[in-house]
Protein chains: 2
Amino acid sequence: MATTTSGSRGGVPRGRDNTPAIREQLRAEILTGTLVPGAEISQARIAADFGVSRGPVREAFRLLESEGLIDARVNHRARVRGLSVHELEHLYSLRVINESLALTVSVPLFSEHELAELDELAEVLRHPGDEPFDFEEWDQVHQGFHERLLAHSGPRMLELADEWAAHTQRYRRAYAEGGRGLPPGAAEHVAMARLCRDRDARGAAHLLARHLSRAALTLIAQIEPTHEPVLLRAAIRQVLGPEGPSRPSEEHRRAGA
Amino acid sequence: MATTTSGSRGGVPRGRDNTPAIREQLRAEILTGTLVPGAEISQARIAADFGVSRGPVREAFRLLESEGLIDARVNHRARVRGLSVHELEHLYSLRVINESLALTVSVPLFSEHELAELDELAEVLRHPGDEPFDFEEWDQVHQGFHERLLAHSGPRMLELADEWAAHTQRYRRAYAEGGRGLPPGAAEHVAMARLCRDRDARGAAHLLARHLSRAALTLIAQIEPTHEPVLLRAAIRQVLGPEGPSRPSEEHRRAGA
DNA sequence: GCCCCGTGAACTGTTGACACTTCTGCCACG
DNA sequence: CGTGGCAGAAGTGTCAACAGTTCACGGGGC
């Protein structure tokens with residue numbers, strides 16, 4: 001029996017249009033794993049937890065379904081969608097090609113203030129202050145960095161990229177192995193910030209693509225080592241060109257990582 | 001005063017879960033321009049038109065909003081979102097890089113049956129049978145061709161590509177200038193089919209990218225000639241490489257278009 | 001012992017009604 | 001003549017209740 005998850009959510013205060021709050025709360029619980037894949041969630045129970053009627057909950061469910069976080073068959077309880085290597089690969093492939101493009105057009109437009117912010121965040125990512133290492137906090141900063149990277153790519157692209165990044169978070173958390181240390185590649189962020197400052201759009205985009213695909217390949221190897229990531233490799237080729245991501249390339253070394 | 005569009009939609013038969021039907025009907029009306037940009041649509045009126053209560057309509061509205069087809073401020077009537085060159089450029093940029101990738105991985109996987117279908121559709125696109133030329137019918141086939149091209153790229157990618165293609169349809173119709181003739185580039189489809197048959201993934205992807213970006217540039221030039229499509233050009237560069245789309249490239253000629 | 005069907009609980013989809021907000025048009029007032 | 005504000009209409013967000021569906025469970029028949 002799938003755990004028909006229960007537990008009281010804080011009631012929605014008193015505001016009008018409660019759907020966004022419900023949606024975001026559930027979304028967060030799914031992304032962080034509080035609501036595990038396969039768990040069944042009923043409109044009635046969620047409504048009760050929020051102290052609200054089923055109307056707004058139904059609307060929130062529709063949004064979560066359109067985002068791909070839950071499956072909702074007619075006349076059945078909704079279920080938190082499961083994880084799969086295929087989806088993980090798709091998500092990262094989308095991120096690789098789209099974020100590379102978004103970064104390419106953003107680089108010439110960064111303000112001095114934004115560049116300084118990137119530098120600062122990158123430094124924090126490399127040398128997190130607190131001991132012991134707090135993965136939650138680090139990942140928060142990490143998401144902020146990647147989000148700022150795409151600042152000037154337009155609202156539509158930004159929204160999509162945010163969604164994809166959020167969804168990959170699900171996999172990162174599920175397979176973080178207890179989050180016991182700095183993820184490999186954490187140091188690359190300072191190189192990226194540097195390339196942005198140098199207005200090297202091509203170099204920055206390439207480094208981002210390698211950065212993302214390394215994360216993806218690491219995860220895939222952990223989850224299902226036999227899986228052959230055809231789509232992801234094609235995505236990498238599209239961004240980096242046919243030569244492939246074999247050795248550290250020119251712009252990477254130049255950035256002095 | 002914005003036209004608070006009215007008019008009776010056929011009542012939803014008697015099925016359970018009416019939301020999808022309502023959503024699709026409204027979506028189609030927006031995409032084809034029956035519901036013009038800026039038009040205001042009220043839950044109450046739509047509900048009456050469908051012979052249904054406001055509940056399902058609200059859910060449909062939420063989906064349409066998440067898709068970006070309507071704007072829905074709290075306590076206000078929803079409005080059909082307007083058109084803009086920026087969005088058009090974004091849509092086509094997304095299509096260029098994502099469909100190119102999707103096609104790249106699809107090419108090795110086409111069955112003989114699918115290849116034959118592509119050939120056939122491409123031929124119809126080049127020499128449409130009926131006189132006078134029926135744009136609606138032609139565009140139907142056109143969408144079918146592009147959809148089949150991505151058949152093997154996985155459900156998530158397919159869904160996204162379909163959505164983007166559908167949205168560009170809005171612009172194509174709005175600026176079709178009466179749809180009085182075969183769009184330029186219509187002949188390229190047979191070359192694409194040919195490249196698929198030859199299992200030339202790279203060539204097919206490049207041709208698709210050029211095909212899409214030409215359509216985009218034509219539309220942009222019609223709508224707002226002063227607009228400089230920075231994002232789109234970056235997208236083209238990402239797929240074709242730095243040399244740019246200057247001359248007809250090797251694989252294009254080899255396909256003997 | 002095994003299978004089938006009826007029954008009731010748990011849910012979902014839908015509806016009509018209620019409270020509150022926004023906007024329009026009009027009137028009194030300056 | 002211009003302006004401020006005040007009712008009423010129109011619309012939205014929400015809720016509680018109704019009807020139909022799915023599923024688990026147990027009793028009866030074989």
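Look a little higher up for the structure.
As the structure is a computational prediction, the values presented were derived from the model and not from experiment.

**Q** With reference to specific residues and values, describe the overall build of chain A.
**A** Check the secondary structure of chain A and you find eleven helices and three strands. Within the span of chain A, comprising 257 residues, buried residues form 50% of the whole. Sequence-distant contacts, at least 24 apart, represent 78% of the contacts inside chain A between residues at least 6 apart. Looking at chain A as shown, the accessible area adds up to about 12,100 Å², and 51% of this sits on carbon and sulfur atoms.

**Q** Lay out the protein's contact with DNA strand C with the relevant residues and their values.
**A** Taken together, 18 residues are adjacent to DNA strand C, and Arg-54 and Arg-58 of chain A together with Asn-18, Ser-53 and His-76 of chain B come closest. In the environment of DNA strand C, a sugar or linking oxygen lies 3.4 Å from a nitrogen or oxygen atom belonging to the backbone of Asn-75 of chain A. At the level of secondary structure, the elements contributing two or more residues to the surface near DNA strand C comprise α2 (43-50) and α3 (54-67) of chain A together with α3 (54-67) of chain B. Residues that form the surface near DNA strand C fall into these classes: four nonpolar, eight polar and six charged.

**Q** Could you give an account of the pattern of salt bridges, naming the residues involved and the relevant values?
**A** Summed over all chains, the structure comprises 36 salt bridges over all chains. Note that Glu-228 of chain A and Arg-233 of chain A form a salt bridge whose closest N and O atoms lie 3.6 Å from each other.

**Q** Run through the protein's contact with DNA strand D, naming residues and quoting values.
**A** If you check the shell around DNA strand D, you find 18 residues, and the closest are Asp-17, Asn-18 and His-76 of chain A together with Arg-54 and Arg-58 of chain B. Those atoms of DNA strand D that come within 4 Å of the protein belong to sugar or phosphate at a rate of 76%. Between Gln-43 of chain B and DNA strand D, the recorded distance is 2.9 Å, taken from a side-chain N or O atom to a phosphate oxygen. One of the backbone nitrogen or oxygen atoms of Asn-75 of chain B is found 3.4 Å away from a sugar or linking oxygen of DNA strand D. Elements with a minimum of two residues in the surface near DNA strand D: α3 of chain A together with α2 (43-50) and α3 of chain B. Among the residues making up the surface near DNA strand D, the classes are represented as four nonpolar, eight polar and six charged.

**Q** Tell me about the relation of the copies chain B and chain A, and please be specific about residues and values.
**A** Expressed as a screw operation, the relation of chain B to chain A combines 0.0 Å of axial shift with a rotation of 180°, fitting to an RMSD of 0.0 Å. Look at the turn and shift together and you get a two-fold axis relating the two. When each C-alpha of chain B is compared by its distance to the rotation axis, Glu-59 of chain B comes out closest, at 2.7 Å.

**Q** Any details on the sheet that holds strand β3 (residues 78-80) of chain B? Residues and values, ideally.
**A** By way of backbone hydrogen bonds, the strands of a sheet pair with one another, either parallel or antiparallel. Residues and elements named next belong to chain B. The antiparallel open sheet is built from three strands, whose spatial order is β1-β3-β2. Looking at the sheet topology across the chains shown, the edges are occupied by β1 (40-41) and β2 (70-71). As paired strands, β1 and β3 are joined by two bridges and run antiparallel to one another. In the sheet register, Glu-40 faces β3, and the bridge partner there is Arg-79.

**Q** An account of the interface of chain B and chain A is needed here, citing residue identities and associated values.
**A** Interface size is commonly expressed as the accessible area that is lost once the parts come together. Listed by partner, the interface residues are 36 residues for chain B and 36 residues for chain A. Taking both sides of the interface into account, the surface hidden between chain B and chain A amounts to around 3,100 Å²; carbon and sulfur atoms contribute 61%. Of all residues in chain B, the largest losses of buried area upon contact with chain A belong to Arg-62, Arg-156 and Gln-238 of chain B, amounting jointly to 24% of the total for that side. The tally of links between chain B and chain A comes to eight salt bridges. Here Glu-59 of chain A makes a salt bridge to Arg-62 of chain B, at a shortest N to O gap of 2.2 Å.

**Q** Can you tell me about the sheet that holds strand β3 (residues 78-80) of chain A, naming the residues and giving the values?
**A** In spatial order, the strands read β1-β3-β2 (chain A); together these three strands make up an open sheet with antiparallel pairing. Here the strands that pair on one side only, and so sit at the sheet edges, are β1 (40-41) and β2 (70-71) of chain A.

**Q** So what's going on with the packing of helix α10 (residues 230-240) of chain A against helix α4 (residues 85-106) of chain B? Which residues, and what values?
**A** Between α10 of chain A and α4 of chain B, whose axes approach to 10 Å, the crossing angle comes to 130°. By the criterion of interaxial angle, the relationship of α10 of chain A to α4 of chain B is oblique. Like other packed secondary-structure pairs, α10 of chain A and α4 of chain B cross with a definite hand, here right-handed. Residues Val-230, Leu-231, Ala-234, Ala-235 and Gln-238 of chain A of α10 of chain A lie in contact with α4 of chain B, whose contacting residues are Ile-97, Ser-100, Leu-101, Thr-104 and Val-105 of chain B. Of the residues contributing to the contact of α10 of chain A with α4 of chain B, the split by class is seven nonpolar, three polar and no charged.

**Q** Just give me the short version of the nonpolar core, but keep the residues and values in it.
**A** Residues Leu-103, Leu-149 and Cys-196 of chain A together with Leu-103, Leu-149 and Cys-196 of chain B are the most contacted members of the largest nonpolar core, which totals 101 residues. What Cys-196 of chain A contacts, discounting residues up to four positions off in sequence, is Leu-103, Val-107, Phe-110, Leu-115, Leu-118, Leu-149 and Ala-204 of chain A. Judged by nonpolar contacts, the second largest core, of 20 residues, contains Leu-26, Ile-41, Val-80 and Ala-166 of chain A.

About the cut-offs
Residues numbered from 1 in each chain as written. Chains lettered and ligands numbered in written order. Predicted model: local features only at pLDDT ≥ 70, side-chain atom pairs only at ≥ 80, totals over all residues. Heavy atoms only, no water. Helix = DSSP H or I, 4+ residues; strand = E, 2+ residues; numbered from the N terminus. Buried < 20%, exposed > 50% of the residue type's maximum accessible area, 1.4 Å probe, protein only. Contact = heavy atoms within 4.5 Å. Areas by Shrake-Rupley, 256 points an atom, 1.4 Å probe, with all protein chains shown as cover. Near = heavy atom within 4 Å. Polar contact = N/O pair within 3.5 Å; in protein donor to acceptor, adjacent residues only side chain to side chain. Nonpolar A, V, L, I, M, F, W, Y, C, P; charged D, E, K, R; others polar. Salt bridge = Lys/Arg side-chain N within 4 Å of Asp/Glu carboxyl O. Least-squares fit on C-alpha atoms with pLDDT ≥ 70 in both. Pairing = 2+ DSSP bridges. Buried area = accessible area lost by both parts, 1.4 Å probe. Axes fitted to C-alpha atoms, helices over the stretch in contact; angles between N-to-C directions. Parallel < 35°, antiparallel > 145°, perpendicular 65-115°, else oblique. Left-handed = near helix turned anticlockwise from the far one by under 90°. Core = buried A, V, L, I, M, F, W, Y, C linked by side-chain atoms within 4.5 Å.

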